Amino acid sequence: MSGIVIDNVWKEYGDQIVLENVSLTIEPRGFVALVGPSGCGKSTFLRMLLGQERPTRGAILLDGQPLPPEPGPDRGVVFQRYSVFPHLTVLGNVMLGKELTKARISARLFGAARRQAREEAEAMIAAVGLSGSESKYPAQLSGGMQQRLALAQALMMKPKVLLLDEPFGALDPGIRAEIHQLMKKLWHENPMTVVMVTHDMREAFTLASRVVAFERPRDRPEEKLRYGATITKDISIWPPRQAGTPSIFRPDRDGPVTTDGLHRDDPAHRR
Ligand SMILES: Nc1ncnc2c1ncn2[C@@H]1O[C@H](COP(=O)(O)OP(=O)(O)OP(=O)(O)O)[C@@H](O)[C@H]1O
Ligand SMILES: [Mg+2]
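This is a predicted model, so every value here is computed, not measured.

Caption draft 1: Quick peek at the packing of helix α4 (residues 143–155) against helix α5 (residues 173–189). Packing of α4 against α5 brings their axes to within 10 Å, and their N-to-C directions diverge by 15°. In terms of their interaxial angle, α4 and α5 are classed as roughly parallel. In this structure, α4 crosses over α5, and the sense of that crossing is right-handed. Of the residues in α5, those in contact with Gly-144, Gln-147, Arg-148, Leu-151 and Leu-155 of α4 are Ile-175, Glu-178, Ile-179, Leu-182 and Leu-186. Of the residues contributing to the contact of α4 with α5, the split by class is 6 nonpolar, 2 polar and 2 charged.

Caption draft 2: The arrangement of the site of ligand 1 in detail. Surveying the vicinity of ligand 1 reveals the residues Tyr-13, Val-18, Gly-36, Ser-38, Gly-39, Cys-40, Gly-41, Lys-42, Ser-43 and Thr-44. The element contributing the most residues to the shell around ligand 1 is helix α1 (residues 42–50), with 3 residues. Looking at the shell around ligand 1, its residues break down into 3 nonpolar, 6 polar and 1 charged.

Caption draft 3: Just the sheet that holds strand β3 (residues 31–35), in detail. Strand order in this open sheet of 6 strands is β6-β7-β8-β3-β9-β10, and the pairing throughout is mixed. Looking along the sheet, the strands with just one partner apiece sit at the ends: β6 (75–78) and β10 (230–236). Here the strands of the sheet are splayed against their neighbours by 20° on average, with no regard to which way each runs. Sheet topology places β6 next to strand β7 (residues 161–165); 4 bridges connect them, and they run parallel. When the bridges of β7 are listed, Val-78 appears paired with Leu-164. Packed onto the sheet, α1 meets β3, β6, β7, β8 (193–197) and β9 (210–215) and runs at close to 155° relative to β7.

Definitions and limits used
Residues numbered from 1 in each chain as written. Chains lettered and ligands numbered in written order. Predicted model: local features only at pLDDT ≥ 70, side-chain atom pairs only at ≥ 80, totals over all residues. Axes fitted to C-alpha atoms, helices over the stretch in contact; angles between N-to-C directions. Helix = DSSP H or I, 4+ residues; strand = E, 2+ residues; numbered from the N terminus. Parallel < 35°, antiparallel > 145°, perpendicular 65-115°, else oblique. Left-handed = near helix turned anticlockwise from the far one by under 90°. Contact = placed C-beta atoms within 7 Å. Nonpolar A, V, L, I, M, F, W, Y, C, P; charged D, E, K, R; others polar. Near = placed C-beta within 6 Å. Pairing = 2+ DSSP bridges.

This is how it looks when you write it as structure tokens:
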């Protein structure tokens with residue numbers, strides 16, 4: 001299973017130390033929310049997990065193996081905006097990854113392979129609540145729908161790790177709450193580990209199984225370049241959240257619990 005080990009990772013850009021001495025073990029199927037002040041290196045950290053950037057020092061292991069030095073289908077990613085291709089339809093966007101990996105030269109699938117990819121894509125589009133929009137273009141979708149599409153596109157490749165960089169940061173609160181429910185469902189249903197950067201503490205505590213904070217311990221102007229950010233807090237959510245529990249049928253299960261640890265609506269609680 002897809003555990004991630006980050007071992008004493010440093011990242012420097014020229015003279016600037018962005019991250020220092022970051023060590024973290026993420027359990028398989030965990031959901032880690034990364035929080036921290038603007039500019040402390042959260043996106044940089046995520047780009048290293050994606051393979052877009054290399055650590056200056058230290059190692060990152062995925063399933064015990066060194067992380068391949070470039071992005072691959074085992075790691076999906078969704079950004080705050082512009083994760084999907086504007087010139088492809090919803091269906092085209094979700095099928096693209098399959099077309100690129102299976103038909104490298106023509107980027108087209110034919111016959112049975114195409115039918116199967118299409119069926120899988122349609123099921124994924126339904127899973128994120130976009131049925132009926134298959135032939136629309138991203139510009140014809142709302143912001144929330146575009147992020148649903150980006151999730152479908154990433155999940156179509158069955159990534160071991162899903163990396164999210166403030167994916168819901170630009171959405172209105174109501175839309176955001178709906179997509180949070182979807183995100184929980186997707187985490188429970190898909191065998192993947194999630195690492196999500198967010199500015200929103202409430203979002204972090206709503207979704208994650210663990211909240212990790214990055215901060216720069218020394219932050220005076222003259223120290224900015226010489227000291228990077230590192231992990232200053234690592235909080236496991238209580239009661240523990242575990243992926244794959246049957247809560248997919250109870251999307252609100254991670255909500256408020258009573259003092260005896262049972263959910264308010266749990267039949268065992270209504271005696
Ligand atoms: N490619 C790059 N070249 C040089 N410096 C960079 C590069 N990418 C990031 N940095 C620097 O690294 C620091 C961390 O940037 P990063 O984008 O990771 O922060 P962040 O925590 O994601 O911030 P925000 O919350 O605003 O998104 C910044 O000072 C930034 O200028
Ligand atoms: Mg960022």
